[in-house]
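Survey of secondary and tertiary structure
As a plain string of letters, each chain reads:
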There are 4 protein chains.
Amino acid sequence: MTKQTQPTAEPMFDVAHLAAIELYSPRVDESVRFFTGLLGMLEVKRDGRSVYLRAYEDPYRYSLKITDRKEAGGGIISFRAHSEQALARRSKALADAGLGSGWKASDLGTGESYHFTSPDGHKMELVWDVHYADVPSDGKSPLLNRPSKRPTQGVPVRRLDHVNLLCSNVTKNKNAFIEQLGFRLSEHIVTGDGSELGAWIRTTALAHDVALMQDATGARGRLHHVCYWYGYPQHLLDIADLFAENDIKIEAGPGKHGISQAHFLYCFEPGGNRVELFGDAGYLIFDPAWKAITWKEADIEKGVIWIGASLQGEVFRDGTPVVEEPAAPAVAAE
Amino acid sequence: MTKQTQPTAEPMFDVAHLAAIELYSPRVDESVRFFTGLLGMLEVKRDGRSVYLRAYEDPYRYSLKITDRKEAGGGIISFRAHSEQALARRSKALADAGLGSGWKASDLGTGESYHFTSPDGHKMELVWDVHYADVPSDGKSPLLNRPSKRPTQGVPVRRLDHVNLLCSNVTKNKNAFIEQLGFRLSEHIVTGDGSELGAWIRTTALAHDVALMQDATGARGRLHHVCYWYGYPQHLLDIADLFAENDIKIEAGPGKHGISQAHFLYCFEPGGNRVELFGDAGYLIFDPAWKAITWKEADIEKGVIWIGASLQGEVFRDGTPVVEEPAAPAVAAE
Amino acid sequence: MTKQTQPTAEPMFDVAHLAAIELYSPRVDESVRFFTGLLGMLEVKRDGRSVYLRAYEDPYRYSLKITDRKEAGGGIISFRAHSEQALARRSKALADAGLGSGWKASDLGTGESYHFTSPDGHKMELVWDVHYADVPSDGKSPLLNRPSKRPTQGVPVRRLDHVNLLCSNVTKNKNAFIEQLGFRLSEHIVTGDGSELGAWIRTTALAHDVALMQDATGARGRLHHVCYWYGYPQHLLDIADLFAENDIKIEAGPGKHGISQAHFLYCFEPGGNRVELFGDAGYLIFDPAWKAITWKEADIEKGVIWIGASLQGEVFRDGTPVVEEPAAPAVAAE
Amino acid sequence: MTKQTQPTAEPMFDVAHLAAIELYSPRVDESVRFFTGLLGMLEVKRDGRSVYLRAYEDPYRYSLKITDRKEAGGGIISFRAHSEQALARRSKALADAGLGSGWKASDLGTGESYHFTSPDGHKMELVWDVHYADVPSDGKSPLLNRPSKRPTQGVPVRRLDHVNLLCSNVTKNKNAFIEQLGFRLSEHIVTGDGSELGAWIRTTALAHDVALMQDATGARGRLHHVCYWYGYPQHLLDIADLFAENDIKIEAGPGKHGISQAHFLYCFEPGGNRVELFGDAGYLIFDPAWKAITWKEADIEKGVIWIGASLQGEVFRDGTPVVEEPAAPAVAAE
């Protein structure tokens, strides 16, 4: 009979969830064709050098913004606050922590959003009052809780799931997410010397809304991947079949992660960014006093891949933007 | 472009989730064999007239207590608070609202829990400091986020999902859950005269942790069903195959609900209580300003069954304990 | 220990399999859009009043010919012989049995095929030397055993599976298939008075390539349905989702037949013909001395639907072309 | 438009299908527990040093005989003829080809069966009059075409699928199967010098009932694996989950073969023999003039693994009985 220690402070609920992400692509048209033609996403807007897309069950105006850039990489990551008051509290805390960049216009929000960065420099914003999906009447579904009809193109993803960020120092970045934004730690990989190789953190019932992984090159602020959600394992087999016939590189999977328990597949979109697809809900965390799962070095392989082939080293090294060569040892001393 | 109206008050996060339920069974041994032999649940304790069970991914000591009674029906429903402070706040509010029954011993909690009822008299408790699953070392999984090994018996359910309560008046009961416990409304069915035939409410990202449906007999405080979760549609087909060969009555499904979007199956355990099984995650709600979905009378059929055969009237009338005959019109005036 | 009685005669292997079918449609364009846009079939040719289609794993030029007609219904059904010699033997036998219509041009074959009818008048042909699928190089798959790339449109069916014919007298038609074409009986429904309500017959390992069902209207030579094959239960859920949003009527399912064990769905294409979709392989018959399964009246419901809602009477009555009203009792005396 | 060349001879249909196989195990009890406890097979008889098992949809007395031996390996492989006359014809042809070992008692047949070997020495028998499954009445399914109820233990396989034999010379062994037994070639791997590294051959609609692969050690007559069939991809995920928690080594998969298109998983039973599990029907071959698919060296990887991680070299080298070290180059000159 385990007795859980009572937390002295109450949990913070100011950040609701991951709402949208931006990818930089040197091949915007091909990137868009990948997300629309194969993943069945809807193009909702083109504006200057950016194209906005959403999956058919994404609630807001867009969940993916693809911006023309010479190099692949991750742009701004948008989180939504739980209330206007929560946004005010977080913006103050982020500013106090020296991570704030101020109030700026938001594509997702109806007005300005609060912009900030991770300690590593990953760009983010927090928004409250958002633009919802604007669906034409012939695109509306009689399934009233589904914002748009299910597309008949490709194997359509249902919604944005999570983002995975490479970090020069996992713990330092994790602490900022926990302290400034109220994320909770679901699982992490801890080496013999106590340093963290990866941390999976959440603001929702998902095992993670954000993952932070050690950048083996020592670079700062890179993107490992963005993940969209199917919910059904068969769809990973279906999309893998399409990828194999349409020159999309599958890096790993379909397989099942130990961490998160999710059925997954890693591929690269034509712009060069890694994209993950999830084929189930994994496990959900409802326990309010969840004790973080610690994977030690001896367990890492089962933690990373529970069912399927072991991942190759490149999975742990490659991110966008691409960096020439390792600038530092796998676990940066700091 | 829809602009959402800002709530003036911040949401309440005091209740974390549904943690356990109790069923009354006139055939306890057969009920237990159903849940262990076919649904792969683990028997964890026998105590007096009750047997305690948990699914292999349930986190706590038990999620299902089956108690010997002459008549089938629902017993106490256990919710877990988000913190000790949250429990204190809710117990006071429930007492103030006249719904409290006081502090009493809890099987799930390490000490006393706060007991209360719905306006209809459904018995409930709110608990903070709980007993976690006590798993023997040979029952532990190398998949560290899974509390127990996956059973090799039956088609094992993964965890408790939700409970569905029949009400003499949906709106009145719904309001108590919302006002006293901080539930949020996900979807509801509203008739032409404005009365609610059903309400699906949540404290988590699930489309519902509790459903409230009009009791067509006008009775008070009955149970419609308890639901366990698979997460994979194939498992509904697998268990349906076992049910068909092992004299378990499938009332409806496998099919897909419109409301919640969940792949489901309704059956009756040998004690006479309806049990639902969920074969996917349905859709999850992350939007903090979610606008409740309203199914009007013309949409009800799609709302109830999106894919599969229409439900028969019995589904809307039968609950436990069984009542002889309708005591009142379908929608009770109050 | 069952000892099987030895057959005195060796089995006949002259007919290889069902190769193609023709549907009449009063709305050819809409029918074609259904089969291409939702079922992902490939349009391969338009010729006069007919459009030819194939699924991406169908081996021949086409498996479906849709011909413009005032009324829905089934046209010619094409079977392929196992050899040139087999074709010669069967054509002679059919002629001798008074079922032959002579050698005529074939769309599927490279020359003439032997045309014949069932006792009820269903039009058929037997062909040996066929036109294979003519796939442009950019449509070829690197998966060498797959004739065409998997389409990215709709939820694409993989191949033609079987055809179900309504008969004024099941036994009489069944006997012709068995005696003249070498079909074997897999399963049948036999009423108390010994008459057959349905017979499922095969020339392959499939539980049936052809089904024959009693026409409750007493009409002759009608089509009950044509069936295409997915092989994965999830795809029935996927296509059902698309049907529900795109005004395609699902008559029954997804469910599981007892007879054939196949996961199925019945819908109507816009021309009015019933189409079945199969979501797995059901069971395959390899036993060369297979003893036909007999479903008696008491078992019919489990035979027709093993998992899912009971079928409505319309399923057993409706066929194409539509007939005004029952012309005779359900089981025709003859 | 491809015109197919007409075969001058008619196909032979004397061998119906693979009916049973024997495995040698140095750990019979553990092997039996693997097949019953995890794969849900039924133990039907113990006799001397052998245990007989069948899957719940296997039609005959047994499909797997596990015999106590010091070393793992494959024992006798049982095929069933299409008729008594076919058995007579094949026994004569095998005797004439110098492959016959004479008439001997058969466990599967009601009397004697004809015993023979492959050129490599793999032991086989051909049987006509067989013992069918003898199922007690409480084990019978109301699903009349299913010989036994679906077990509630493990993730139960449905039936024997195929056997894969390592050969010192693929072509020589393939020719014997084709010429003496009437197998047809579905797919093969051909190297630049024209030698065959593998051949997938059939007597049914399955893409293969027997596979022959080059033994990289040059040894003769070894077993690569035996395969059982699920028919549903989810069951590969389910059994893999059980394997990961119950110390069963998964060698490869779940993944999808190019050759056969089957979703598969390779594991080792505790006796040391490789077991494959199939999670769908792959593709079925109905075309009576099927032109064998040739995978050239450049295509091998896609042929072996269409979706999933590349196989390691061990998969191509290891078989049972285990041999110490390569006795010859991968492709034996003969």
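Residues numbered from 1 in each chain as written. Chains lettered and ligands numbered in written order. Predicted model: local features only at pLDDT ≥ 70, side-chain atom pairs only at ≥ 80, totals over all residues.

Looking only at helices and strands, chain A features 6 helices and 17 strands. Here the C-alpha atoms of chain A give a radius of gyration of 19 Å, agreeing with the 20 Å that 2.2 N^0.38 yields for 334 residues. Structurally, chain A occupies a C-alpha span of about 55 × 45 × 45 Å along its principal axes. A buried classification covers 61% of the 334 residues belonging to chain A. Pairs at least 24 residues apart make up 68% of the contacts formed inside chain A by residues separated by at least 6 positions. (Helix = DSSP H or I, 4+ residues; strand = E, 2+ residues; numbered from the N terminus. Rg over C-alpha atoms; globule rule 2.2 N^0.38 Å. Buried ≥ 20, exposed ≤ 12 C-beta atoms within 10 Å, placed from the backbone. Contact = placed C-beta atoms within 7 Å.)

Before going further, it helps to spend a moment on the sheet that holds strand E4 (residues 64-68) of chain A. Pairing between the strands of a sheet is mediated by backbone hydrogen bonds and can be parallel or antiparallel. All names here are of chain A. Read across the sheet, 8 strands follow the order E2-E3-E4-E1-E5-E8-E7-E6 without closing on themselves; strand pairing throughout is mixed. Pairing within the sheet leaves two strands with one partner each, and these edge strands are strand E2 (42-47) and strand E6 (100-105). Ignoring strand direction, the axes of neighbouring strands in this sheet form an average angle of 25°. Across 5 bridges, the pairing between E2 and strand E3 (residues 50-54) is antiparallel. Bridge pairing links Asp-47 to Ser-50 in E3. Strands strand E1 (15-25), strand E5 (73-81), E6, strand E7 (112-117) and strand E8 (123-127) of the sheet are contacted by helix H2 (residues 84-96), whose axis makes an angle of about 35° with E7. (Pairing = 2+ DSSP bridges. Axes fitted to C-alpha atoms, helices over the stretch in contact; angles between N-to-C directions.)

Attention now moves to the nonpolar core. Side chains that are nonpolar tend, in soluble globular proteins, to be buried together. Core analysis: the largest hydrophobic core is formed by 407 residues, its most contacted members being Leu-277 of chain A, Leu-277 of chain B, Leu-277 of chain C together with Leu-277 of chain D. Those residues in contact with Leu-277 of chain D that lie beyond four places of it in its chain are Val-157, Cys-227, Tyr-228, Tyr-230, Leu-236, Ile-239, Phe-264 and Leu-265 of chain D. (Core = buried A, V, L, I, M, F, W, Y, C linked by C-beta atoms within 7 Å.)

Looking now at the relation of the copies chain A and chain D. Relative to chain D, chain A is turned by 180° and slid 0.0 Å along the rotation axis, the superposed coordinates differing by an RMSD of 0.0 Å. Look at the turn and shift together and you get a two-fold axis relating the two. Identified as the residue of chain A closest to the rotation axis by C-alpha distance is Ala-309 of chain A, at 2.9 Å. Both copies present the same face, since 100% of the interface residues in chain A are matched by interface residues at the equivalent positions in chain D. (Least-squares fit on C-alpha atoms with pLDDT ≥ 70 in both.)

This part covers the sheet that holds strand E11 (residues 196-202) of chain C. Residues and elements named next belong to chain C. The mixed open sheet is built from 9 strands, whose spatial order is E14-E15-E16-E13-E9-E12-E11-E10-E17. If you trace the sheet from one side to the other, it starts and ends with strand E14 (250-256) and strand E17 (293-296), each paired once. This sheet shows a mean twist of 15° between the axes of neighbouring strands, independent of strand direction. Inspection of the sheet shows E14 paired to strand E15 (residues 263-268) by 4 bridges, in the antiparallel sense. From the neighbouring strand, Gly-255 faces E15, where its bridge partner is Phe-264. In the packing of helix H3 (residues 170-181) onto the sheet, the strands contacted are strand E9 (159-167), strand E10 (184-190), E11 and strand E12 (210-214), and the crossing angle to E11 comes to about 15°.

This part is about the interface of chain A and chain D. Facing 12 residues of chain A, the contacting portion of chain D comprises 12 residues. Of all the elements in the fold, those that place two or more residues in the side of chain A that touches chain D are helix H4 (233-245) and strand E14 (250-256) of chain A. When residues of the side of chain A that touches chain D are assigned to their parent elements, the largest contribution, 6 residues, is made by H4 of chain A. Residue composition of the side of chain A that touches chain D, grouped by class: 8 nonpolar, 2 polar and 2 charged. (Nonpolar A, V, L, I, M, F, W, Y, C, P; charged D, E, K, R; others polar.)

Turning our eyes to something else, we now look at the interface of chain A and chain B. Each partner contributes to the interface: chain A provides 47 residues, whereas chain B provides 47 residues. Every element with two or more residues in the side of chain A that touches chain B is listed here: E1, H2 and strand E17 (293-296) of chain A. Per element, the largest residue contribution to the side of chain A that touches chain B is 3 residues, and it comes from H2 of chain A. Grouping the amino acids of the side of chain A that touches chain B by side-chain chemistry returns 21 nonpolar, 14 polar and 12 charged.

Between chain A and chain B, the superposition needs a rotation of 180° and an axial shift of 0.0 Å, giving an RMSD of 0.0 Å. When the interface residues of chain A are mapped onto chain B, 100% of them again fall at the interface, so both copies present the same face.

On to helix H1 (residues 28-38) of chain C. All names here are of chain C. Those residues of H1 that sit buried are Val-28, Ser-31, Val-32, Phe-34, Phe-35 and Leu-38. For H1, the elements touching its buried residues are strand E1 (15-25), strand E2 (42-47), strand E3 (50-54), strand E4 (64-68) and helix H4 (233-245). One or two steps after H1, the chain reaches Gly-40, where phi turns positive at roughly 65°.

A few words on the environment of Pro-59 of chain B. The topology assignment puts Pro-59 of chain B in the loop between strand E3 (50-54) and strand E4 (64-68). Taking the C-alpha atoms as reference points, Pro-59 of chain B and Pro-147 of chain B, separated by 88 residues in sequence, lie 6.4 Å from one another. Setting aside its immediate chain neighbours within four residues, Pro-59 of chain B contacts Asp-287 of chain A together with Tyr-132, Ala-133 and Pro-147 of chain B.

A cis amide bond links Thr-320 of chain B with the next residue in sequence, Pro-321 of chain B, at an omega value of 0°. A cis geometry characterises the amide bond from Gly-253 of chain D onward to Pro-254 of chain D, with omega recorded as 0°. Residue position: Pro-254 of chain D is located in strand E14 (residues 250-256). Located in the positive-phi region is Ser-260 of chain A, a residue other than glycine, with phi close to 85°. Counting through the fold element by element, Ser-260 of chain A comes out in the loop between E14 and strand E15 (263-268).

The next thing to look at is the environment of Arg-80 of chain C. All names here are of chain C. By the secondary structure assignment, Arg-80 is in strand E5 (residues 73-81). On the basis of neighbour counts, which here come to 28 C-beta atoms within 10 Å, the residue Arg-80 falls in the buried class. For the pair Arg-80 and Ser-113, spaced 33 residues apart in sequence, the C-alpha to C-alpha distance is 9.5 Å.

Residue and element names in this part refer to chain B. For helix H3 (residues 170-181), built from 12 residues, the straight-helix expectation of 16 Å at 1.5 Å per residue is met to within 8% by its first-to-last C-alpha distance of 16 Å. Summarising the contacts, the buried residues of H3 are in contact with strand E1 (15-25), helix H2 (84-96), strand E9 (159-167), strand E11 (196-202) and strand E12 (210-214). Positive phi shows up at Gly-182, right after H3, with a value of about 80°. (Expected span 1.5 Å × (residues − 1).)

Let us now look at the confidence of the model for chain A. All names here are of chain A. A residue-level look at chain A finds 95% of positions with pLDDT of 70 or above and a mean pLDDT of 93. A low-confidence stretch, residues 327-334 (pLDDT under 50), is modelled with 15 contacts involving residues beyond four sequence positions or located in other chains. Scoring of the predicted complex yields 0.95 for pTM and 0.94 for ipTM. (pLDDT = per-residue confidence, 0-100.)

Attention now goes to the pairing of E1 of chain C. Looking down a regular strand, the side chains alternate between one sheet face and the other. All names here are of chain C. Counted residue by residue, E1 has 11 buried out of 11 residues, so it is predominantly covered. Note: E1 against E5, 7 bridges, orientation antiparallel. Within the sheet, the bridge partner assigned to Ala-20 lies in E5 and is Ser-78. One ladder, built from 5 bridges, connects E1 with E4; its direction is parallel. Bridge pairing links Tyr-24 to Thr-67 in E4.

With that out of the way, let us pick up the pairing of strand E10 (residues 184-190) of chain A. Residue and element names in this part refer to chain A. In terms of burial, E10 is largely enclosed, as 6 of its 7 residues are buried. Pairing of E10 with strand E11 (residues 196-202) involves 6 bridges; the strand directions are antiparallel. Of the residues in E11, the one forming a bridge with His-188 is Ala-199. Taken together, E10 and the strand that follows it, E11, pair antiparallel across an intervening segment of 5 residues, in which Gly-194 is found at a positive phi of about 90°. Here 4 bridges tie E10 to E17, and the two strands are oriented parallel to one another. In the strand pairing of E17, His-188 is matched with Thr-294.

Our next topic: the environment of Glu-30 of chain B. Residue and element names in this part refer to chain B. With respect to the helices, strands and loops of the structure, Glu-30 is situated in helix H1 (residues 28-38). Along the primary structure Glu-30 and Glu-112 are separated by 82 residues, whereas in three dimensions their C-alpha atoms are 31 Å apart. Look past the residues within four positions of Glu-30 in its chain and what remains in contact with it is Pro-270 and Gly-271.

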